[in-house]
Amino acid sequence: MTGDVTRPAPDFWWGAATAAYQVEGAVDEDGRGPSIWDTFTAEPGRITDGSTGAVACDSYHRWREDLDLLNGLGANAYRFSIAWPRVQPFGSGAVNAAGLAYYDRLVDGLLERGIAPFPTLFHWDLPQALQDAGGWLSRDTAERFAEYAGVVGDALGDRVACWGTLNEPFVHMALSYAFGTHAPGEVLLLDAFAAGHHQLLGHGLATQALRAASSAAVMLVNNLTPVRAASAEPDDVAAARVYDAFHNRMFLDTVLLGTYPEELADAEVVREGDLATIAQPLDLLGVNYYNPTQVKAPGPDNPLPFEIVPLEGYPRTGFDWPVVPQGLTELLVGLRDSYADALPPLVVTENGCAYPDEPAPDGTVDDPDRIAYLDAHIRAVGAAREAGVDVRGYLVWSLLDNFEWAEGYTQRFGITRVDFATGERTPKASYGWYRNRISRDWAPDLP
Ligand code: BGC
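Rules used in this analysis
- Along every chain, residues carry numbers that run from 1 in the direction the sequence is written.
- Whole-chain, interface and lining totals are the exception, using all residues; otherwise, since this is a predicted model, local features are given only for residues with pLDDT of at least 70 and side-chain atom pairs are given and counted only at 80 or more.
- Side-chain figures throughout are based on the complete set of non-hydrogen atoms in the structure, without hydrogens or water.
- Per the convention used, a helix needs a DSSP run of H or I reaching at least four residues, while a strand needs a run of E reaching at least two, with both numbered from the N terminus.
- Per-residue accessibility, obtained with a 1.4 Å probe over protein chains only, is compared with the maximum for each type, and a residue is labelled buried under 20%, exposed over 50%, and partly exposed between these values.
- To be clear on the numbers: accessible area is Shrake-Rupley with a 1.4 Å probe, and residue cover counts the displayed protein chains and nothing else.
- Charge assignment in this entry is limited to Lys and Arg as positive and Asp and Glu as negative, and neither His nor the chain termini are counted.
- Throughout, a charge is located at the NZ atom of Lys, the CZ atom of Arg, the CG atom of Asp or the CD atom of Glu.
- We define the nonpolar core as a collection of buried residues of types Ala, Val, Leu, Ile, Met, Phe, Trp, Tyr and Cys that are connected through side-chain atoms lying within 4.5 Å of one another.
- Contacts: residue pairs with any heavy atoms within 4.5 Å of one another.
- Nitrogen and oxygen atoms within 3.5 Å of one another constitute a polar contact, given that in protein one can donate a hydrogen and the other can accept it, and given that sequence-neighbouring residues count only through two side-chain atoms.
- By this definition, two strands are paired if DSSP reports at least two bridges between them.
- Throughout, near means a residue has at least one heavy atom within 4 Å of the molecule or strand.
- Per-residue confidence from the predictor is reported as pLDDT, a score between 0 and 100.
- We define a salt bridge as a contact between a side-chain nitrogen of Lys or Arg and a carboxyl oxygen of Asp or Glu at a distance within 4 Å.
- Each patch is built from residues that are more than 30% exposed by relative accessible area and take part in no salt bridge. Like charges join if they lie within 9 Å; nonpolar side chains (Val, Leu, Ile, Met, Phe, Trp, Tyr) join within 5 Å.

1. As for the overall build of the chain
- Along the chain, the regular secondary structure elements total 15 helices and 13 strands.
- Counting over 447 residues, the chain shows a buried share of 61%.
- With the model as given, the accessible surface of the chain reaches about 16,200 Å², and the carbon-plus-sulfur share is 51%.
- Averaged over its 31 positive side-chain charges, the chain has a centre that lies 5 Å from the centre of its 62 negative ones.

Printed below as a string of structure tokens:
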């Protein structure tokens, strides 16, 4: 074992985030089993540019370069994810030592550079064998997730700073099971609820397994959004409230209060005792923030109890997402106001933007829009801290341009450009800006 594991936590975690399927590549190496994303990307028409994560950023081989990039930033935390199918190729039972060894090297490499490892156990790449048995629609997947968490906890728990159990269970429920735009492509609309509940159960069981294996901190990473009603009409306000229940409160009330929001309280898949399992005490709550959501009452042909409408009047990213930094302050302050003592300290575990930045003839990449985005959002975190919210970290999405799920390689979120033909990394102007920003920490004259 290498690195100084007794180093005290800094006052604030500054760093970046990535996810296994988006950056690693090497999908057939060292005994990794197939994941639902290998299956999904092989289906014609699923991914905008027809691409896959088979090579992606090739971080499985180029991880030292990635860690050096983090080191060059002055980052003290790196949020990456562990590919379940590398550790358990078929989702249960036999452990693949060669796959686990990759994360062992990564964790040691981080510690050697003085960077705290923040691994997430599930960032959407479910072993295909578990999908064949029902995926997250099956309650058994929650048990399997806890088994996997125990394996990883035993192997790395002496060196990890903070575990993340699930990444964005709402987004996985919605895009993968309700609307089918992400793997495994199920279109179940409201029946996707079971996939959300079983993820929550898996989170609770995995938290117990991690506690048994390791004394590292544990968090859940949620995608959260301030929800705005499109008008003051009662139907729009009611629809916004229901959307808020699905997107935010389903993954907060359960975990922090041990209750389902009243709008979702009579679901059949919820068994006696589940909520007590789900509501394990947490050390931190991870908050991924991209933009607010505007909602109106559904039209007559809409099978859902809400309808999302574009939020106009703001600048937009390359992904056509509105840029609303004050939404992040609103979100963080709102969490404190809503959950008070039940709320653990917060870490912004993802925030960032895609822009179609291109290299200049000399190879440099100027991305002023990204710099403006990051500056405004970090200031928004500062405003929440000034309002007394306990925010302990900010991790930019993403360290690298990477495989952006259904959008393939058409959306670049990185502070580092990746040439996907060669794997070459080029820090963008935003990388240099962020390095300077990190070096200033929360000096009294900031934000
Ligand atoms: C996900 C990332 C994704 C990012 C941008 C988040 O929902 O956790 O994997 O790349 O948003 O879409």
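What follows continues from the structure just given.
2. Points about the nonpolar core
- Residues W37, L332, Y394 and Y434 are the most contacted members of the largest nonpolar core, which totals 134 residues.
- If we skip the residues at most four places from it in the chain, Y434 touches W14, G15, L73, I378, Y394, L395, V396 and I415.
- In terms of nonpolar packing, the next biggest core, distinct from the first, is built from eleven residues, W13, F118, V221 and V347 among them.

3. A look at the side chain of Q131
- Mapped onto the elements of the fold, Q131 is located in helix α6 (residues 128-132).
- Overall, the relative accessible area of 12% leaves Q131 in the buried class.
- There is a polar contact of 3.4 Å between the side chain of Q131 and the side chain of Y177.

4. A look at the pairing of strand β8 (residues 293-296)
- Strand direction decides the pairing type here: strand β6 (residues 227-229) and β8, joined by three bridges, are parallel. Residue pairing in the sheet places V227 in a bridge with T293 of β8.
- When β8 meets strand β9 (residues 307-309), the two strands line up antiparallel, connected through three bridges. Bridging across to β9, V295 finds its partner in I308.

5. Some remarks on the site of the ligand
- Looking at the ligand, the residues that line it are Q22, H123, W124, N167, E168, Y290, W321, E350, W397, E404, W405 and F413.
- The separation between an oxygen atom of the ligand and a polar side-chain atom of W397 is 3.2 Å.
- Here an oxygen atom of the ligand and a side-chain polar atom of E404 are 2.6 Å apart.
- Protein coverage of the free-state accessible area of the ligand, which is 310 Å², stands at 95%.

6. Observations regarding the confidence of the model for the chain
- With 97% of its residues at a pLDDT of 70 or more, the chain has an overall mean of 96.
- Residue range residues 1-7 is modelled with pLDDT below 50. Its contacts to residues more than four positions away, or to other chains, number 13 contacts.

7. Looking at the pattern of salt bridges
- For the structure shown, the criterion picks out 29 salt bridges.
- Here R62 and E65 are joined by a salt bridge, their closest N and O atoms 3.0 Å apart. In this pair, R62 and E65 are both assigned in helix α3 (residues 59-73), three residues apart and thus about one turn of the helix distant.
- On the basis of relative accessible area, E65 is assigned to the partly exposed category, the value being 34%.
- With a closest N to O distance of 2.8 Å, D390 and R392 form a salt bridge.
- Here D390 falls in the partly exposed class, since its relative accessible area comes to 34%.

8. Remarks on a nonpolar patch on the surface
- Where nonpolar side chains cluster on the molecular surface, the patch consists of F179, V187, L189 and L190 and spans about 320 Å² of accessible area.
- Examined against the element boundaries, L189 turns out to sit in the loop between α8 (169-178) and α9 (193-213).
- Relative accessible area serves as the criterion here: at 30%, L189 is assigned to the partly exposed category.

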